[in-house]
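Chain and residue survey
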Amino acid sequence: MPFCSLSVRSEDLSYIIIFMPLDASQPYPIRPRLKNRQSYLGSRPYFITINTYKKQRLFIYKNIIDSLVKYLKEIAEKDNFDIMTYCFMPTHLHLVLFGKDDKSDLCKFMKNFKQITGYNYKQTFKNNLWALSFHDRVLRKEQDIKTLCRYVLKNPVRAGLVKSVLDYPYSGSFVWKL
(Lines give C-alpha, C1' and ligand atoms only; values in the text may rest on other atoms or scores of the structure.)
Protein backbone atom coordinates (compact mmCIF):
# COMPACT_ATOMS: atom_id res chain seq x y z
CA MET A 1 0.00 0.00 0.00
CA PRO A 2 1.54 3.36 -1.00
CA PHE A 3 2.46 6.04 1.51
CA CYS A 4 2.29 9.71 0.79
CA SER A 5 5.03 11.97 2.08
CA LEU A 6 5.70 15.66 1.92
CA SER A 7 9.12 17.20 2.44
CA VAL A 8 9.31 20.77 3.63
CA ARG A 9 12.55 22.73 3.93
CA SER A 10 13.10 26.14 5.41
CA GLU A 11 16.26 27.95 6.41
CA ASP A 12 16.25 26.66 9.97
CA LEU A 13 13.96 23.64 9.77
CA SER A 14 13.86 20.45 7.74
CA TYR A 15 11.32 17.72 8.30
CA ILE A 16 9.21 15.12 6.54
CA ILE A 17 5.55 14.49 7.14
CA ILE A 18 4.63 10.87 6.40
CA PHE A 19 1.00 9.94 6.08
CA MET A 20 -0.29 6.54 7.07
CA PRO A 21 -1.57 4.31 4.29
CA LEU A 22 -5.08 5.02 3.11
CA ASP A 23 -6.63 1.80 4.34
CA ALA A 24 -10.34 1.86 5.27
CA SER A 25 -9.75 -0.64 8.08
CA GLN A 26 -7.20 1.63 9.79
CA PRO A 27 -7.75 4.79 11.86
CA TYR A 28 -7.52 8.03 9.96
CA PRO A 29 -4.07 9.42 9.24
CA ILE A 30 -2.81 12.33 11.28
CA ARG A 31 -3.54 15.43 9.26
CA PRO A 32 -0.70 17.88 8.91
CA ARG A 33 -1.41 21.15 10.64
CA LEU A 34 -0.56 24.44 8.99
CA LYS A 35 3.14 25.27 9.12
CA ASN A 36 2.45 28.70 10.52
CA ARG A 37 1.37 28.20 14.15
CA GLN A 38 0.08 31.78 14.17
CA SER A 39 -2.79 30.62 11.94
CA TYR A 40 -4.23 28.81 14.96
CA LEU A 41 -3.92 31.70 17.39
CA GLY A 42 -6.00 34.78 17.99
CA SER A 43 -9.28 36.22 16.88
CA ARG A 44 -10.18 34.38 13.67
CA PRO A 45 -12.84 32.01 12.34
CA TYR A 46 -12.40 28.27 11.74
CA PHE A 47 -14.36 25.44 10.16
CA ILE A 48 -13.67 22.07 11.82
CA THR A 49 -14.81 18.52 11.13
CA ILE A 50 -14.10 15.75 13.64
CA ASN A 51 -14.89 12.16 12.69
CA THR A 52 -15.90 9.46 15.12
CA TYR A 53 -13.54 6.54 15.59
CA LYS A 54 -13.79 4.26 12.55
CA LYS A 55 -16.77 6.38 11.43
CA GLN A 56 -19.07 4.73 13.94
CA ARG A 57 -22.64 6.03 13.96
CA LEU A 58 -22.44 7.39 17.50
CA PHE A 59 -24.14 10.73 17.06
CA ILE A 60 -27.61 9.27 16.82
CA TYR A 61 -27.93 8.93 20.60
CA LYS A 62 -29.32 11.90 22.49
CA ASN A 63 -27.48 11.11 25.74
CA ILE A 64 -24.09 11.14 23.99
CA ILE A 65 -24.79 14.36 22.11
CA ASP A 66 -26.19 16.13 25.18
CA SER A 67 -23.00 15.33 27.09
CA LEU A 68 -20.79 16.50 24.20
CA VAL A 69 -22.74 19.76 23.82
CA LYS A 70 -22.28 20.46 27.54
CA TYR A 71 -18.51 19.93 27.28
CA LEU A 72 -18.32 21.87 24.02
CA LYS A 73 -19.88 24.90 25.68
CA GLU A 74 -17.70 24.67 28.81
CA ILE A 75 -14.43 24.19 26.95
CA ALA A 76 -15.21 26.88 24.37
CA GLU A 77 -15.85 29.38 27.15
CA LYS A 78 -12.68 28.37 29.01
CA ASP A 79 -10.53 28.52 25.85
CA ASN A 80 -12.01 31.81 24.53
CA PHE A 81 -14.03 30.57 21.54
CA ASP A 82 -17.51 31.35 20.29
CA ILE A 83 -19.28 28.33 18.79
CA MET A 84 -21.11 29.94 15.90
CA THR A 85 -22.61 26.63 14.77
CA TYR A 86 -22.32 22.95 15.60
CA CYS A 87 -23.89 20.00 13.82
CA PHE A 88 -23.61 16.40 14.97
CA MET A 89 -24.05 14.19 11.94
CA PRO A 90 -24.19 10.42 12.66
CA THR A 91 -20.44 9.88 12.06
CA HIS A 92 -18.90 13.32 12.52
CA LEU A 93 -19.17 16.75 14.10
CA HIS A 94 -19.00 20.06 12.22
CA LEU A 95 -18.02 23.23 14.07
CA VAL A 96 -17.82 26.83 12.95
CA LEU A 97 -16.02 28.68 15.68
CA PHE A 98 -14.39 32.03 16.23
CA GLY A 99 -11.47 32.89 18.50
CA LYS A 100 -12.57 35.67 20.85
CA ASP A 101 -9.17 37.25 21.53
CA ASP A 102 -5.38 36.93 21.22
CA LYS A 103 -5.36 34.11 23.80
CA SER A 104 -7.61 31.87 21.68
CA ASP A 105 -5.63 28.80 20.60
CA LEU A 106 -7.40 26.37 18.28
CA CYS A 107 -4.93 23.53 18.86
CA LYS A 108 -5.36 23.83 22.64
CA PHE A 109 -9.16 23.97 22.29
CA MET A 110 -9.25 20.88 20.05
CA LYS A 111 -6.89 18.96 22.33
CA ASN A 112 -8.95 19.82 25.41
CA PHE A 113 -12.30 19.03 23.77
CA LYS A 114 -11.24 15.72 22.24
CA GLN A 115 -9.25 14.62 25.27
CA ILE A 116 -11.93 15.33 27.90
CA THR A 117 -14.85 13.99 25.87
CA GLY A 118 -12.86 11.01 24.58
CA TYR A 119 -11.77 10.06 28.10
CA ASN A 120 -15.29 10.33 29.53
CA TYR A 121 -16.75 8.37 26.63
CA LYS A 122 -14.16 5.60 27.00
CA GLN A 123 -14.82 5.37 30.76
CA THR A 124 -18.52 4.87 30.07
CA PHE A 125 -18.57 2.81 26.85
CA LYS A 126 -15.09 1.16 26.83
CA ASN A 127 -14.47 2.33 23.27
CA ASN A 128 -12.84 5.26 21.48
CA LEU A 129 -14.98 8.23 20.53
CA TRP A 130 -12.85 10.24 18.11
CA ALA A 131 -10.74 9.52 15.07
CA LEU A 132 -7.08 10.33 15.55
CA SER A 133 -7.14 13.80 14.03
CA PHE A 134 -9.52 16.44 12.65
CA HIS A 135 -9.97 18.51 9.51
CA ASP A 136 -9.48 22.23 9.90
CA ARG A 137 -9.89 25.24 7.69
CA VAL A 138 -8.85 28.70 8.77
CA LEU A 139 -11.40 31.04 7.24
CA ARG A 140 -10.53 34.32 5.58
CA LYS A 141 -11.93 37.30 7.47
CA GLU A 142 -13.97 38.36 4.46
CA GLN A 143 -15.71 35.00 4.11
CA ASP A 144 -19.34 35.17 5.11
CA ILE A 145 -19.49 33.15 8.32
CA LYS A 146 -23.30 33.17 8.35
CA THR A 147 -23.33 31.55 4.89
CA LEU A 148 -21.00 28.81 6.10
CA CYS A 149 -23.13 28.32 9.23
CA ARG A 150 -26.25 27.95 7.09
CA TYR A 151 -24.39 25.41 4.93
CA VAL A 152 -23.41 23.39 8.03
CA LEU A 153 -26.94 23.52 9.43
CA LYS A 154 -28.35 22.24 6.11
CA ASN A 155 -26.19 19.09 6.21
CA PRO A 156 -28.93 16.95 7.83
CA VAL A 157 -31.39 18.11 5.17
CA ARG A 158 -28.96 17.30 2.33
CA ALA A 159 -28.30 13.89 3.94
CA GLY A 160 -32.04 13.16 4.01
CA LEU A 161 -32.21 12.94 7.80
CA VAL A 162 -34.88 15.67 8.11
CA LYS A 163 -36.95 17.86 5.83
CA SER A 164 -36.17 21.15 7.59
CA VAL A 165 -33.10 22.52 9.39
CA LEU A 166 -35.28 23.30 12.41
CA ASP A 167 -36.36 19.64 12.68
CA TYR A 168 -32.82 18.41 13.39
CA PRO A 169 -32.25 18.10 17.15
CA TYR A 170 -28.45 17.75 17.07
CA SER A 171 -27.35 21.12 15.77
CA GLY A 172 -27.31 24.62 17.15
CA SER A 173 -25.35 27.72 18.07
CA PHE A 174 -24.09 29.24 21.29
CA VAL A 175 -24.16 32.67 19.65
CA TRP A 176 -27.36 32.93 17.61
CA LYS A 177 -30.91 31.78 18.21
CA LEU A 178 -31.88 29.34 15.44
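Residues numbered from 1 in each chain as written. Predicted model: local features only at pLDDT ≥ 70, side-chain atom pairs only at ≥ 80, totals over all residues. Heavy atoms only, no water.

1. A closer look at unusual backbone geometry
Where the residue is not glycine, phi is negative for most of them; where a peptide bond is considered, it is trans in most cases. One non-glycine residue, K54, lies in the positive phi region at around 55 degrees. Within the secondary structure layout, K54 lies in the loop between β3 (45-51) and α1 (62-78). A positive phi is found at N80, a non-glycine position, where the angle reads about 65 degrees. Along the chain, the position of N80 falls in the loop between α1 and β4 (81-89). (Helix = DSSP H or I, 4+ residues; strand = E, 2+ residues; numbered from the N terminus.)

2. Considering the sheet that holds β3
Read from one edge of the open sheet, 5 strands run β6-β3-β5-β4-β7, paired in antiparallel fashion. Unpaired on one side and paired on the other, β6 (135-138) and β7 (171-172) mark the two borders of the sheet. Packing against the sheet, α1 makes contact with β4 and β5 (92-99), and its axis sits at approximately 160 degrees to β4. Strands in contact with helix α3 (residues 145-153) are β3, β4, β5, β6 and β7; relative to β4, the strand with the most contacts, it is inclined by about 25 degrees. (Pairing = 2+ DSSP bridges. Contact = heavy atoms within 4.5 Å. Axes fitted to C-alpha atoms, helices over the stretch in contact; angles between N-to-C directions.)

3. Here we look at the environment of L106
Within the secondary structure layout, L106 lies in helix α2 (residues 106-125). C-alpha separation for the pair L106 and S39, spaced 67 residues apart in sequence, amounts to 8.9 Å. Excluding anything up to four places from it in sequence, L106 contacts Y40, Y46, I48, F81 and L97.

4. A short note on the packing of α1 against α2
Viewed as axis vectors pointing N to C, α1 and α2 meet at an angle of 150 degrees, and their least axial separation amounts to 10 Å. It follows from the interaxial angle that α1 and α2 lie roughly antiparallel. Note that α1 runs across α2; the crossing there is right-handed. Of the residues in α2, those in contact with N63, I64, L68, Y71, L72, I75, A76 and K78 of α1 are F109, N112, F113, I116, T117, N120, Y121 and F125. Each residue belonging to the contact of α1 with α2 can be placed in one class, and the counts come to 11 nonpolar, 4 polar and 1 charged. (Parallel < 35°, antiparallel > 145°, perpendicular 65-115°, else oblique. Left-handed = near helix turned anticlockwise from the far one by under 90°. Nonpolar A, V, L, I, M, F, W, Y, C, P; charged D, E, K, R; others polar.)

5. Some details on the packing of aromatic side chains
Summed over all chains, the structure comprises 10 aromatic pairs. For the cation-ring pair, K73 lies above F174, with the distance from its terminal atom to the ring centre recorded as 5.3 Å. Sitting above the plane of the Y151 ring, R158 keeps its charged end 4.1 Å from the centroid. (Phe/Tyr/Trp six-rings, centres within 6.5 Å; stacked < 30°, edge-to-face > 60°. Lys NZ or Arg CZ within 6 Å of the ring centre and 35° of its normal.)

Honestly, it's all geometry; don't read function into it.
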